[in-house]
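Each chain is listed here by its residues.
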Amino acid sequence: MTLKSLALTAALVASTLGAAFAPSLAQAQAKEQFFPLLVYRTGPYAPNGTPWANGKQDYIKYINATGGINGVKITYEECETGYATDKGVECYERLKGRPGVTLFDPQATGITFALTDKVPTDKIPLITLGYGLSASQDGGVFKWNFPLMGSYWTAADILIQHIGKKEGGMDKLKGKKIALVYHDSPFGKEPIPLLQERAKQNGFELSLIPVTAPGVEQKSAWLQVRQSRPDFVLLWGWGVMNSTALKEAVATGYPREKMYGVWWAGAEPDVKDVGANAKGYNALALNTSGTQPKVIQDILKQVHDKGQGTGPKDEVGSVLYTRGVIIQMLTIEAVRRAQERFGKGKVMTGEQVRWGMENLALDQKKLDALGFSGVMRPVSTSCQDHMGSTWARVHTWDGAKWGGMSDWYEADSQIIKPMVKAAADKYAGEKKLTRREAADCQS
């Protein structure tokens with residue numbers, strides 16, 4: 001395992017921004033909020049994992065440059081997982097004991113599954129924005145998991161809604177053939193129950209086509225696509241799998257405008273090597289991209305213009321970079337929210353941060369004040385709802401850039417809520433857990 005010690009303890013003035021060092025125990029105990037950062041900058045998923053990680057780091061640097069979290073400095077340390085579950089667990093075990101530890105963002109569904117059983121004992125929350133265990137939306141069972149802004153069930157549901165709308169109504173899906181080309185891992189398998197439920201309700205034929213990780217070899221999968229000739233293909237890929245799938249679609253003559261990717265298959269690295277040949281390809285979007293948002297302009301001014309950027313300046317504002325910024329903002333706002341209850345200007349424990357995560361109240365006015373106007377939907381969590389938002393849009397690659405953003409769609413709660421409760425209850429039964437009492441929601 002490669003462990004990068006990047007523990008940033010920038011002074012709160014810009015002139016000293018970026019002075020990285022490994023903080024001493026006494027310093028961390030006294031005044032520093034520590035963020036462990038699990039990353040994958042190496043291997044087949046690096047093209048996607050790197051801008052995601054860079055966005056998170058740059059936002060930390062920006063917050064430190066503008067006063068920290070009510071005066072509390074932020075430190076961090078990166079740990080390379082290569083997207084491997086065993087390395088992710090190793091990183092967790094190594095970093096969980098650091099003073100001032102805040103929470104973990106595993107950045108992989110497999111790692112999330114492995115850590116879900118550990119965090120209740122260690123009392124450290126997990127944020128899994130747009131990934132992880134779909135059932136963990138249910139805070140009554142999953143006290144320490146926060147799949148903010150969406151799960152693979154909400155993602156799959158929104159894609160089916162969008163296709164139905166394009167076809168002229170959900171009733172028009174009856175008799176259609178939809179293929180799921182998916183990464184053969186917990187990540188790729190997660191949307192299957194929702195799609196099976198939708199197929200039952202809407203009358204379409206669902207075919208499942210797994211792709212062995214990391215996804216560089218897909219000829220047999222696309223042979224199945226060519227033979228079955230589905231009306232639509234849903235792409236549940238990550239990293240090199242996405243561009244490979246698009247290249248295979250070109251080679252087999254499958255129309256890219258009939259392809260719809262999850263929000264982890266809708267960024268610049270997924271299409272840039274295919275270019276104009278990917279024109280018409282669609283994917284979910286949790287957030288906008290571009291350098292226009294105020295928060296991105298602030299990062300450029302406070303971080304990159306002072307030579308402190310984590311990665312290249314031209315990636316700032318890209319889809320995954322912006323998502324990294326959003327994730328880090330949500331975690332920092334959870335700390336800030338916790339400080340409102342447990343002490344402004346103090347370092348928060350994992351338990352206190354968990355309370356902050358469960359009581360996020362980021363309405364549009366608050367997002368605007370943070371510089372996120374137009375970037376994302378408001379997020380509001382509760383004891384029972386650890387997701388806070390179930391909205392997404394669909395954008396389209398025009399051959400050179402992402403655009404053609406659709407209207408916002410909200411996942412159908414009448415379908416998803418019963419599935420979430422049933423899955424959460426099943427998990428609780430298997431793990432011999434009891435649902436949280438009302439009094440626990442105030443703790």
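Residues numbered from 1 in each chain as written. Predicted model: local features only at pLDDT ≥ 70, side-chain atom pairs only at ≥ 80, totals over all residues. Heavy atoms only, no water.

Identification of the protein as ABC transporter permease from Variovorax boronicumulans is taken from an unreviewed UniProt entry. Annotation of the protein in UniProt includes, under Sequence similarities (unreviewed entry), the sentence "Belongs to the leucine-binding protein family." (UniProt positions renumbered as here; feature names shortened; annotations may be inferred.)

Once that is clear, we can look at the side chain of Arg436. For Arg436, the location among the structural elements is in the segment after α16 (413-431). For Arg436, the side chain forms a polar contact with the main-chain oxygen of Gly139, separated by 3.0 Å. Within polar-contact distance, the side chain of Arg436 engages the side chain of Asp440 at 2.7 Å. Not counting residues up to four positions away in its chain, the partners in contact with Arg436 are Gly139, Gly140, Lys143, Arg354, Glu358, Cys383, His386 and Cys441. (Helix = DSSP H or I, 4+ residues; strand = E, 2+ residues; numbered from the N terminus. Polar contact = N/O pair within 3.5 Å; in protein donor to acceptor, adjacent residues only side chain to side chain. Contact = heavy atoms within 4.5 Å.)

Splitting the protein by domain gives domain 1 (32-150 + 289-382) and domain 2 (153-285). Computed over C-alpha atoms, the centres of domain 1 and domain 2 are 28 Å apart. At the interface, 23 residues of domain 1 touch 18 residues of domain 2. Carbon and sulfur atoms supply 63% of the area that domain 1 and domain 2 bury against each other, a total of about 1,800 Å² over both sides. The interface formed by domain 1 and domain 2 includes 0 salt bridges. On the surface where domain 1 and domain 2 come into contact, there are 9 residue pairs in polar contact (both at pLDDT 80 or more). Looking at the side of domain 1 that touches domain 2, the elements with two or more residues in it are α2 (46-65), α4 (109-116) and α13 (319-342). The element that contributes the greatest number of residues to the side of domain 1 that touches domain 2 is α2, accounting for 4 residues. Residue classes in the side of domain 1 that touches domain 2 are distributed as 12 nonpolar, 10 polar and 1 charged. (Domains from an automatic or database assignment. Buried area = accessible area lost by both parts, 1.4 Å probe. Salt bridge = Lys/Arg side-chain N within 4 Å of Asp/Glu carboxyl O. Nonpolar A, V, L, I, M, F, W, Y, C, P; charged D, E, K, R; others polar.)

We now examine empty space enclosed by the protein. Following the criterion strictly, the structure yields 2 cavities of 30 Å³ or more and no others. As for the largest cavity, its lining consists of Tyr40, Trp52, Tyr83, Gln107, Ala108, Thr109, Tyr131, Tyr152, Phe187, Trp238 and Trp264. Residues belonging to the lining of the largest cavity are distributed by class as follows: 9 nonpolar, 2 polar and no charged. Shared between two domains, the lining of the largest cavity takes at least three residues from each, and those domains are domain 1 (32-150 + 289-382) and domain 2 (153-285). Estimates place the volume of the second largest cavity at around 50 Å³. Taken together, Phe35, Pro36, Leu37, Lys56, Leu103, Asp105, Ile127, Ile327, Gln328 and Thr331 make up the lining of the second largest cavity. Elements with a minimum of two residues in the lining of the second largest cavity: β2 (32-39) and α13. Its residues placed into classes, the lining of the second largest cavity shows 6 nonpolar, 2 polar and 2 charged. (1 Å grid on protein atoms, 1.4 Å probe; cavity = no way out; pocket = protein on both sides within 12 Å on 5 of 7 lines; lining within 4 Å. Points joined across faces, edges and corners; volume = space filled by probe spheres on them.)

One pass over the full model with this rule turns up 28 salt bridges. A salt bridge links Asp398 to Lys401, with the nearest nitrogen and oxygen atoms 2.9 Å apart. We classify Asp398 as partly exposed; its relative accessible area is 35%. Residue class for Lys401 comes out exposed when judged on its relative accessible area of 51%. What emerges from the salt-bridge pattern is a single network uniting Lys143, Arg354, Glu358, Arg436 and Asp440. (Buried < 20%, exposed > 50% of the residue type's maximum accessible area, 1.4 Å probe, protein only.)

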